[in-house]
Amino acid sequence: MNASVIEHVAAIPVDFDPAKCQAVLNFLVREARLADESRWDEWEALLEDDMLYWVPGGVPNPDPDTTLSILADHRARLGNRIAQLKTGRRLSQQPVSPMRRLLSNIEMEAISDTETRAYANFALYEYRVQSTHQIVQWAGRYEYRLRARADGSLGMFYKRVDLLNAAGPLPSLAFLI
Amino acid sequence: MQISSQSLPATIPIYSHSPPDYGALIERDRVHSSVYTSAQVFDEEMRKLFYGGWVFVGHESEVPNANDYLTRMLGREPVIMVRARDGAINVLANRCTHRGNLLCPREKGTARAFTCDYHGWTFNHAGELAGVPSRGGEAKDRACLSLQKPALVDQCGGFVFASFNPDAGPLSEHLGNARHLIERSVSLSPTGRVLLNAGWVKQHFQANWKMLPENSTDGYHAPFTHASFLRTFAPNSQYEMLTQGEDQRRSKAVDWGRGHVALEHAPSYDRPLQWLGTTEEKVPDYVADMKAAYGEEAAIKKLMEGPVHASIFPNLFLGEMNVAIFQPISVNECVLWHTPLLLDGVAQQINTRIIRQSQAAMGPSSFLLADDSIISERQQTALDGRGGWLDLSRGLGREETHDDGAIWGHISDETTNRGFWSRYLEAMQS
């Protein structure tokens, strides 16, 4: 494995293909925007069939099969999650939360010629318009795994969200984080 | 049957020097909003329900080995639950008797003794003061400096309960019929032991804690609050029964007495293991182990009936294959803890299924509870002003009292919430 890790966007190592790096960055920013704007169909189109969407619970050494997660969706369940949002009767996202998230401290490494792993810190501001009318701050780290598709675009087959306060009480988290 | 007039707009002072007249706020068929919004009522609940009665602390499987401990809040009182070296489980106030520091700040861990970070006082697993730095200044008998602890601690099915009130009576009396509910869920394990060791997820509600037990055993709201869930998931699943019309529903709402109430889903199941969304053919080893443990007939009965869906007054919920804790924070804030009810002596594949179902049903990102918390928060907003009465009359005309004192109603009836409030009233008036 020819892994190239960058500490920051400004510090792309010379042996990491700049075009590939830019494509990953573009993907992350677009994925974040689609999630922020609850554009579920377009977000879902980014997914590969072997997707795992995982928000671990606040336990040491989390494992989606043996420890309780906040969510751990394989592709089918994630499809159901999106279908539920689209019914228009998902009360916790009715109306949808206005949200904006910031990505930073992005790192990437190659998994293989066609697959890339990326990490980012995030800060997400959610306006809880359904009930308390307060802004909630969500913060943590994302891990993404992306795969080059036949048409040259990228697809996502893994997104892990480690919340700073995964062990603490969390308000309703029904949007795509 | 006496049905109250809906016209009386009772108003309760926010705080007065005399206790509220609970009998005027809680009637058989309605409850006044001030019990959800008054800080004075909240303070009295801590004293009468959480310190004066029995409350759930934790499960023995959470502290499997000697020296294992966890910390919890009983009402607003921080406690430590520890497995002593002799195997006994002790519950201690988590507060140093010297300067009142939180003795043990971690949620769980392993400790041979508890040493305060402030001045280094050390307490053993029985709560006795075992060590003090700079002994020359000691001026008091150590025996009077032990940690406070609940007067009573007892277990049922590994579930540890405690009471700070020496006169709370035995746990068996507090549980009454609920003992059988706990035992029924626990006996889904072929070894008779359940494991609460997958971790807890905590969901925050900007709402009064009593909405948790109420909503947890409300069999009426699912087709409305959870319409999006049913539309997405119910077809060909164990949740299909929730979409049936009023006359088709076979599940029941049951008031087992003493505030312990349940939604009984067993009458809705047509085959063993339907509650787990699987069949005997798919988990033959589990079925065989159950038969070996309990006998053919009893095992099939257990696998047919499945787990209970019961609220154990005041703070424990056995939500089918989930265990939940209702934790009050303040009059308008609470936390719902949940963990899957894992079975000892079964293949990992079964417990993984239980974990996945738990994530689907409970917690902030679940397909169900994520929506319930929004309703509770909207209720709290709606009740916070002038307030008024909340109706509890549904099904009063069609429930039946059985020989054991349990009251059985239609699944959509408020039999369960009336059972909660009846016990609440009794406890608050005591």
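Every chain begins its residue count from 1, and numbering advances along the sequence as written. Just so you know, chain letters begin at A and ligand numbers begin at 1, following the order they were written in. In keeping with the predicted nature of the model, local features appear solely for residues at pLDDT of at least 70, side-chain atom pairs appear and are counted solely at 80 or more, and the whole-chain, interface and lining totals rest on all residues. Hydrogen atoms and water are omitted, and side-chain values are computed over all heavy atoms in the structure.

Asks: Report on the overall build of chain B, specifying residues and quantitative values.
Replies: When helices and strands are tallied, chain B shows 13 helices and 24 strands. Along the three orthogonal principal directions, the C-alpha set of chain B runs to about 75 × 60 × 40 Å. Throughout this description, buried means an accessible area under 20% of the type-specific maximum (1.4 Å probe, protein chains only), exposed means over 50%, and partly exposed covers the range between. Residue burial in chain B is summarised as follows: out of 430 residues, 57% are buried. In chain B, of all internal contacts separated by at least 6 residues, the share reaching a separation of at least 24 is 63%. Strands are runs of DSSP state E lasting at least 2 residues, helices are runs of H or I lasting at least 4, and numbering of each runs from the N terminus. It only takes one pair of heavy atoms within 4.5 Å for two residues to be counted as in contact.

Asks: Break down unusual backbone geometry for me, citing the residues and quoting the values.
Replies: Look at the link from Q94 of chain A to P95 of chain A: it is a cis peptide, with omega at 0°. Mapped onto the secondary structure, P95 of chain A falls in the loop between α3 (75-86) and β3 (99-110). The step from F313 of chain B to P314 of chain B runs through a cis peptide bond, and the omega angle for that step is -5°. Turning to its location among the elements, P314 of chain B is positioned in the loop between β17 (309-312) and β18 (316-319). For N61 of chain A, which is not glycine, the phi dihedral falls at a positive 50°. Its location among the elements puts N61 of chain A in the loop between β1 (47-56) and β2 (69-74). Although it is not a glycine, E320 of chain B adopts a positive phi angle of roughly 55°. Relative to the elements of secondary structure, E320 of chain B occurs in the loop between β18 and β19 (322-330). In this structure E320 of chain B comes out as partly exposed when scored by relative accessible area, which is 23%.

Asks: Residues and numbers for the side chain of H309 of chain B, please.
Replies: Residues and elements named next belong to chain B. Mapping H309 onto the fold places it in strand β17. For H309, a relative accessible area of 12% translates into the label buried. N or O atoms within 3.5 Å of each other form a polar contact, as long as, within protein, one can give a hydrogen and the other can take it, and as long as residues adjacent in sequence are counted only when both atoms are side-chain atoms. Engagement of the side chain of H309 in a polar contact is seen with the backbone oxygen of S216, the distance being 2.7 Å. A polar contact of 2.6 Å, which involves the side chain of H309, links it to the side chain of E320. If we skip the residues at most four places from it in the chain, H309 touches S216, T217, V261, A262, L263, H265, F317, L318 and E320.

Asks: I'd love a proper account of the nonpolar core, names of residues and values included.
Replies: One recurring pattern in soluble globular proteins: nonpolar side chains tend to sit buried together. Note on terminology: a nonpolar core comprises buried Ala, Val, Leu, Ile, Met, Phe, Trp, Tyr and Cys residues joined through side-chain atoms within 4.5 Å. In terms of nonpolar packing, the biggest core is built from 148 residues, with L163 and I177 of chain A together with F159, F161 and Y286 of chain B touching the most fellow members. It is helix α1 (residues 18-36) of chain A that contributes the most residues to this core, 7 residues altogether. Counting 16 residues, the second-largest nonpolar core is a separate cluster that includes Y69, C96, C104 and L147 of chain B.

Asks: Just give me the short version of the packing of helix α3 (residues 39-50) of chain B against helix α13 (residues 415-429) of chain B, but keep the residues and values in it.
Replies: When two helices pack together, their arrangement is captured by the angle between the axes and the distance separating the axes. All names here are of chain B. Inter-axis angles, ranging from 0 to 180 degrees, are taken between N-to-C directions of lines fitted to C-alpha atoms, where helices are fitted over the stretch in contact. Between α3 and α13, whose axes approach to 9 Å, the crossing angle comes to 85°. Overall, the two elements α3 and α13 adopt an arrangement that is roughly perpendicular. Of the residues in α13, those touching α3 at V41, E44, E45, K48 and L49 are Y424, A427, M428 and Q429. The residue inventory of the contact of α3 with α13, partitioned by class, reads 5 nonpolar, 1 polar and 3 charged. Put simply, angles under 35 degrees are roughly parallel, angles over 145 are roughly antiparallel, angles from 65 to 115 are roughly perpendicular, and the rest are oblique. For this scheme, ten residues count as nonpolar: Ala, Val, Leu, Ile, Met, Phe, Trp, Tyr, Cys and Pro. Four count as charged, namely Asp, Glu, Lys and Arg, and the remainder, Gly too, count as polar.

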